[in-house]
Amino acid sequence: MSDNKLSKIVIVGAGGNVGSSALKHLLATDIFEITVLSREVSTTALPSHASLTVKRGSYTDAAFISSVFTGQDAVLFAMNFMAMADQTKLIEAAAEAGVKWIFPTEYAGDGKNESMMSAVPMFQPKVAARKQIEELSKKFDRLKWVGIATNPWLEFVSHAVFCTRDRRPETIVAVLRLWQSLQRGLFGFDIKGRKATIYTDSAPFNSTTLEQAGLGIARLFSLPITNDSNPRASLSHYANNFVYISSCLISQTSLFDSLQKATSTTKEDWQIEESTIEESIGMNREKMAKGDMRAGAMLTYAYYLGDGKGGNYEEKAKEDREVLGLEEGKLNEIVKNAVEELENGKVF
């Protein structure tokens, strides 16, 4: 740490959607020394850059992990859902090595909304990670976490139906990777099938592109740790707190309008059915109890879209956009690009 700023950063999960976007934007600043921690078996291609070092090894090798974290200012985690057990061990190792700023895997809803966190099972590992860091801070002085809220990815506007009762680890991982694609359809729209499920009790909610998230992370890391003239524009403001990144405040109505423009269609070209968020919540809780993997994601999105359920953090996002110098996204343009990528067979 030098001149009241972070300088040495470790990224865990740099090959994923969020991690790769963050890495790109952090490297573009030319102010950080970045180390990517990767499994020894990983074949992920990473960029070549003078400020980037890649360390490959076993996450169970305590000496190796300690050597990676020692001397680092911060660790950014961007791990998939199935790797959260590894994150737990790595957080402890980072604290023991002297890291003071930990950015655990979040990239979801408003972690300060306790009712939302308790209602959605997929948020529980995120809550546990923050509690773990707070507990470790009792032993390791000045250890802090920063949560990065993004809400759902705006690129994921299209459709795929999948579920599995195959509980083999490799199958679960494949399913979770499938979730992370343009073909998810969790906003209620099947673009290729021209089908829409409209939730009559839905409300505006924030959504973010991967590009905006990566840029926001780079701007966040670039803040001074303390700022006497403007404490709000400091990393310390976000200590044991959340930063709220958002591209757009959208609704099903505005999203459907953008989809029609992007596909050169009208409502008459779509098969539309109506439902409610409450029906979706009840149905997906039942499906989860029967082992339907997709129901967990559907339940999460119901809370994003539901009126008063936590999906709208626009007032917080406005403040953080100003601090980080982020611009609002252009919904029509974002949706148009997403539809084109879907039609070209690109998935995330």
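Conventions adopted
- Residues numbered from 1 in each chain as written.
- Predicted model: local features only at pLDDT ≥ 70, side-chain atom pairs only at ≥ 80, totals over all residues.
- Heavy atoms only, no water.
- Helix = DSSP H or I, 4+ residues; strand = E, 2+ residues; numbered from the N terminus.
- Buried < 20%, exposed > 50% of the residue type's maximum accessible area, 1.4 Å probe, protein only.
- Lys, Arg positive; Asp, Glu negative; His and termini not counted.
- Charge placed at Lys NZ, Arg CZ, Asp CG, Glu CD.
- Contact = heavy atoms within 4.5 Å.
- Pairing = 2+ DSSP bridges.
- Axes fitted to C-alpha atoms, helices over the stretch in contact; angles between N-to-C directions.
- 1 Å grid on protein atoms, 1.4 Å probe; cavity = no way out; pocket = protein on both sides within 12 Å on 5 of 7 lines; lining within 4 Å.
- Points joined across faces, edges and corners; volume = space filled by probe spheres on them.
- Nonpolar A, V, L, I, M, F, W, Y, C, P; charged D, E, K, R; others polar.
- Phe/Tyr/Trp six-rings, centres within 6.5 Å; stacked < 30°, edge-to-face > 60°.
- Lys NZ or Arg CZ within 6 Å of the ring centre and 35° of its normal.
- Polar contact = N/O pair within 3.5 Å; in protein donor to acceptor, adjacent residues only side chain to side chain.
- Parallel < 35°, antiparallel > 145°, perpendicular 65-115°, else oblique.
- Left-handed = near helix turned anticlockwise from the far one by under 90°.

## Some words on the overall build of the protein
- Scanning the protein from N- to C-terminus turns up 12 helices and 12 strands.
- The C-alpha extent of the protein, read off along each of the three principal axes, is 60 × 50 × 40 Å.
- Sorting the 348 residues of the protein into buried and exposed places 54% on the buried side.
- Looking at the protein, you have 39 positive and 43 negative side-chain charges, and the mean spots of the two groups are 4 Å apart.

## So, the environment of Val-243
- Relative to the assigned elements, Val-243 resides in strand E10 (residues 241–244).
- With relative accessibility at 0%, the residue Val-243 sits in the buried group.
- Sequence spacing of Val-243 and Lys-316 is 73 residues, and the spatial spacing of their C-alpha atoms is 8.2 Å.
- Excluding residues that lie within four positions of it along the chain, Val-243 makes contacts with Gly-147, Ile-148, Ala-149, Leu-220, Tyr-238, Asp-320 and Leu-324.

## Remarks on the sheet that holds strand E6 (residues 144–149)
- Taken in spatial order, the seven strands make up an open sheet running E3-E2-E1-E4-E5-E6-E10, and their pairing is parallel. On the outer flanks of this sheet lie strand E3 (52–57) and E10, each paired with one strand and no other. Each adjacent strand pair in this sheet contributes to an overall mean axis angle of 20°, direction not counted.
- In the sheet, strand E4 (residues 74–77) pairs with strand E5 (residues 101–103) via three bridges, with the strands oriented parallel. By the bridge assignment for E5, Leu-76 is matched with Phe-103.

## Things to note about empty space enclosed by the protein
- Considering all chains together, one arrives at one cavity of 30 Å³ or more under this definition.
- Looking at the largest cavity, its volume works out to about 50 Å³.
- Considering the residues around the largest cavity, the lining is formed by Leu-186, Tyr-199, Ile-277, Ser-280, Met-298, Tyr-301, Ala-302 and Leu-305.
- For the lining of the largest cavity, the elements supplying multiple residues, two or more each, are helix H9 (277–289) and helix H10 (293–305).
- Here the residues of the lining of the largest cavity sort into seven nonpolar, one polar and no charged.

## Overview of the packing of aromatic side chains
- Evaluation of the coordinates by the stated rule reveals 11 aromatic pairs.
- When the ring of Tyr-301 is compared with that of Tyr-304, the centres are 5.4 Å apart and the planes differ by 80°; the resulting orientation is edge-to-face. Placement of both Tyr-301 and Tyr-304 in helix H10 is noted, with a separation of three residues, approximately one turn of the helix.
- Accessibility expressed as a relative area gives 6% for Tyr-301, which makes it buried.
- Taking relative accessible area as the criterion, Tyr-304 reaches 4% and is therefore assigned buried.
- Among the aromatic residues, those joined into a ring-pair cluster are Phe-123, Phe-187, Phe-205, Tyr-301 and Tyr-304.
- For the cation-ring pair, Arg-130 lies above Trp-145, with the distance from its terminal atom to the ring centre recorded as 5.7 Å.
- Stacked on the ring of Trp-101, the Lys or Arg Lys-144 has its end atom at 4.8 Å from the ring centre.

## Some points on the side chain of Thr-208
- Position of Thr-208 relative to the elements: it lies in the loop between strand E9 (205–207) and helix H7 (210–221).
- Among the polar contacts listed, one links the side chain of Thr-208 to the backbone oxygen of Ile-245, at a separation of 2.9 Å.
- Ignoring anything within four residues of it in the chain, the contact list for Thr-208 reads Thr-150, Pro-152, Trp-153, Leu-154, Glu-155, Ala-213, Ile-245, Ser-246, Ser-247 and Tyr-313.

## Thoughts on the environment of Gly-329
- You can see Gly-329 is positioned in the loop between helix H11 (314–324) and helix H12 (331–343).
- Along the sequence, Gly-329 and His-49 sit 280 residues apart, while their C-alpha atoms lie 29 Å from each other.
- Filtering out sequence-adjacent residues up to four positions away, Gly-329 remains in contact with Ser-247, Cys-248 and Ile-334.

## Things to note about the packing of H9 against H10
- Contact geometry for H9 and H10: axes closest at 8 Å, N-to-C directions at 155°. Judged on the interaxial angle alone, H10 and H9 are roughly antiparallel. Relative to H10, the crossing made by H9 is left-handed. Between H9 and H10, the contacting residues are Ile-277, Ser-280, Ile-281, Asn-284, Arg-285, Lys-287 and Met-288 on the first element and Ala-295, Gly-296, Met-298, Leu-299, Ala-302, Tyr-303 and Leu-305 on the second.
- Partitioned by chemical class, the residues of the contact of H9 with H10 number nine nonpolar, three polar and two charged.

## Remarks on the sheet that holds strand E12 (residues 271–275)
- Taken in spatial order, the three strands of this open sheet run E7-E8-E12, and their pairing is mixed. Of all the strands in the sheet, just strand E7 (189–190) and E12 have a single pairing partner and so form its edges.
- Pairing of E7 with strand E8 (residues 195–199), which is carried by two bridges, proceeds in the antiparallel orientation. Directly across from Phe-189, in E8, lies its bridge partner Ala-196.

## Considerations on the pairing of E6
- Most of E6 sits inside the fold, with six of its six residues counted as buried.
- Burial along E6 is two-sided: the face carrying Lys-144, Val-146 and Ile-148 and the face carrying Trp-145, Gly-147 and Ala-149 are both buried.
- For E6 and E10, the ladder comprises four bridges, and the chain directions are parallel. In the strand pairing of E10, Ala-149 is matched with Tyr-244.

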